[in-house]
Amino acid sequence: MQNSSALVLTVAERIDDKGDIMRLTLTGEGPLPEVAAGAHIDLLVETPEGPIWRQYSLAGDPADRTQWQLGILKDPDSRGGSVALHQLVKAGETVHVEGPRNHFPLAQADHTVLFGGGIGVTPMLAMAWELHAQGADFTLHYATRTAERCAFADVLPDLPFADNVVLYHDDAQKLDLYAVMPAPNPTTHVYVCGPQGFMDWVIAHAEASGHATDHVHREYFSADVDASGDSFDVECAQSGLTVTVGPDDTIAKALAREGLKIEVKCEEGICGTCVTDVLDGEIDHRDQFLTEDEREDNDQICACCSRGRGKLVLDI
């Protein structure tokens, strides 16, 4: 995982692309921090309700430290961050950024298969750049609803790995997982990013085909999370504070009201910012961030959405 830091960057270019996707090129006064494929940054968004942080994957060549490239979907069903960015961000302006962070790194593999659905192609492009630089064997499958909603279409033919990219459109040639999913192999890894339905489909097919769970890598941009449930108590071992988390409350909010703040950004259990160590108690995981192995360890919780089955003791 890369260390995070606060940066003020300039929007060098804004392109309003197909599919309601805005492409941004960000630059700094000097070389940007080193990144690896799969990294994302936290971008500060000013909304009418106040400032919020949102996470966006880097889509460009990780080796290019002169610029960072983002693709941001204008999603009217989101909580307002992407809509505000599309309305407010202009070329020449500055934006506040934290990061980079990387919870979605490439693993060593003899063969890598990348699946990007819609806006989920952004981290896949960075992965393709890195795999190409390594001379690795890979294929990028990029699926959209229609050709008219296929962002990055203008740059794909000129990429040095263009022959490794296969396009699919639901109204023409649809993605057929039975045809393109590789056979399971200890040296083959599968990566997927996109809308939750697309991801669940690819993940289920890969695992049903025999791929080990830890060889099927995923990153969620957003998630439908139900953070409600029965009340439970949270004891904070270091501070001596104990609070009750109500049916419609979260651990982070309940502790914040008592003056103990856990940093929260996505509020959907996808970014990992709020992960907190658990010393005792049974966790009701609601996040999309922790792996199944990490959940089974029962020693970490996403405090923005996950709950306890009875009392939890946190190491804070």
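What counts, and where the lines are drawn
- Residues numbered from 1 in each chain as written.
- Predicted model: local features only at pLDDT ≥ 70, side-chain atom pairs only at ≥ 80, totals over all residues.
- Heavy atoms only, no water.
- Core = buried A, V, L, I, M, F, W, Y, C linked by side-chain atoms within 4.5 Å.
- Buried < 20%, exposed > 50% of the residue type's maximum accessible area, 1.4 Å probe, protein only.
- Helix = DSSP H or I, 4+ residues; strand = E, 2+ residues; numbered from the N terminus.
- Contact = heavy atoms within 4.5 Å.
- Pairing = 2+ DSSP bridges.
- Axes fitted to C-alpha atoms, helices over the stretch in contact; angles between N-to-C directions.
- Expected span 1.5 Å × (residues − 1).
- Arc of directions from axis to C-beta.
- Polar contact = N/O pair within 3.5 Å; in protein donor to acceptor, adjacent residues only side chain to side chain.

Asker: I'd like to hear about the nonpolar core, residue by residue, with values.
Answerer: Core analysis: the largest hydrophobic core is formed by 26 residues, its most contacted members being Leu114, Met124, Leu125, Met127, Leu140, Phe152 and Tyr191. Mapped onto this core, the elements with two or more residues apiece are α2 (121-134), β8 (137-144) and β10 (188-194). Examining the composition of this core, we find that seven residues originate from one element, α2, more than from any other. Tyr191 has contacts with Phe104, Pro105, Leu106, Ala107, Thr112, Val113, Leu114, Phe115, Met124, Met127 and His217, leaving out every residue within four places of it along the chain.

Asker: Give me the lowdown on the pairing of strand β2 (residues 21-27), citing residues and values where you can.
Answerer: β2 sits mainly inside the fold: six of its seven residues count as buried. Two strands pair when backbone bridges link them, and β2 and strand β5 (residues 68-73) are joined in this way by six bridges, in the antiparallel orientation. Note on β5: the bridge partner recorded for Thr25 is Gln69.

Asker: Residue-level account of the sheet that holds strand β11 (residues 216-220), with values.
Answerer: Here five strands make up an open sheet; going across it, the order is β9-β8-β7-β10-β11 and the pairing parallel. Both outer strands of the open sheet, β9 (165-169) and β11, are each paired with one neighbouring strand and no more. Here the strands of the sheet are splayed against their neighbours by 15° on average, with no regard to which way each runs. Relative to β11, β10 runs parallel, the two sharing five bridges. The partner of Gly194 across the bridge, within β11, is Tyr220.

Asker: Let's hear about unusual backbone geometry: which residues, and what values?
Answerer: Residue Pro100 is reached from Gly99 by a cis peptide bond, and omega for that bond is 5°. In this fold, Pro100 is placed in strand β6 (residues 94-101). Notably, Asp20 is not glycine yet its phi reads approximately 60°, a positive angle. By relative accessible area, Asp20 is classed as partly exposed at 44%. If you check the backbone angles, Asn298 has positive phi at about 55° while not being a glycine. With respect to the helices and strands, Asn298 occurs in the loop between α6 (292-297) and β16 (300-302).

Asker: Talk me through helix α4 (residues 196-208); I want residue IDs and the actual numbers.
Answerer: With 13 residues, α4 ought to run about 18 Å at 1.5 Å a step, and its terminal C-alpha atoms sit 18 Å apart, in line with that. Looking only at α4, the buried set comprises Phe198, Met199, Val202, Ile203, His205 and Ala206. Relative to the axis of α4, the buried residues are bounded by an arc of 165° and lie together on one face. Along α4, the residues that are exposed and aim more than 90 degrees away from the buried face are Gly197 and Ala208. Turning to α4, the residues buried within the fold contact β7 (111-117), β8, α3 (177-180), β10 and β11.

Asker: A description of the environment of Thr187 should follow, citing residues and the corresponding values.
Answerer: Relative to the elements of secondary structure, Thr187 occurs in the loop between α3 and β10. Setting aside chain neighbours within four positions, we find Thr187 in contact with Ala109, Asp110 and His111. Within the structure, Thr187 has its side chain in polar contact with the side chain of Asn185 (distance 2.8 Å).

Asker: Residue-level account of the sheet that holds strand β18 (residues 312-314), with values.
Answerer: A sheet is described by the order of its strands in space; here five strands give the open sequence β13-β12-β18-β14-β16, paired in mixed fashion. The strands lining the two open edges of the sheet, one partner per strand, are β13 (242-245) and β16. Going from strand to strand, the sheet's axes swing by 40° on average, the running direction of each strand aside. Here strand β14 (residues 275-280) runs beside β16; their pairing, made up of three bridges, is antiparallel. Its bridge partner lying in β16, Asp277 is registered against Gln300.

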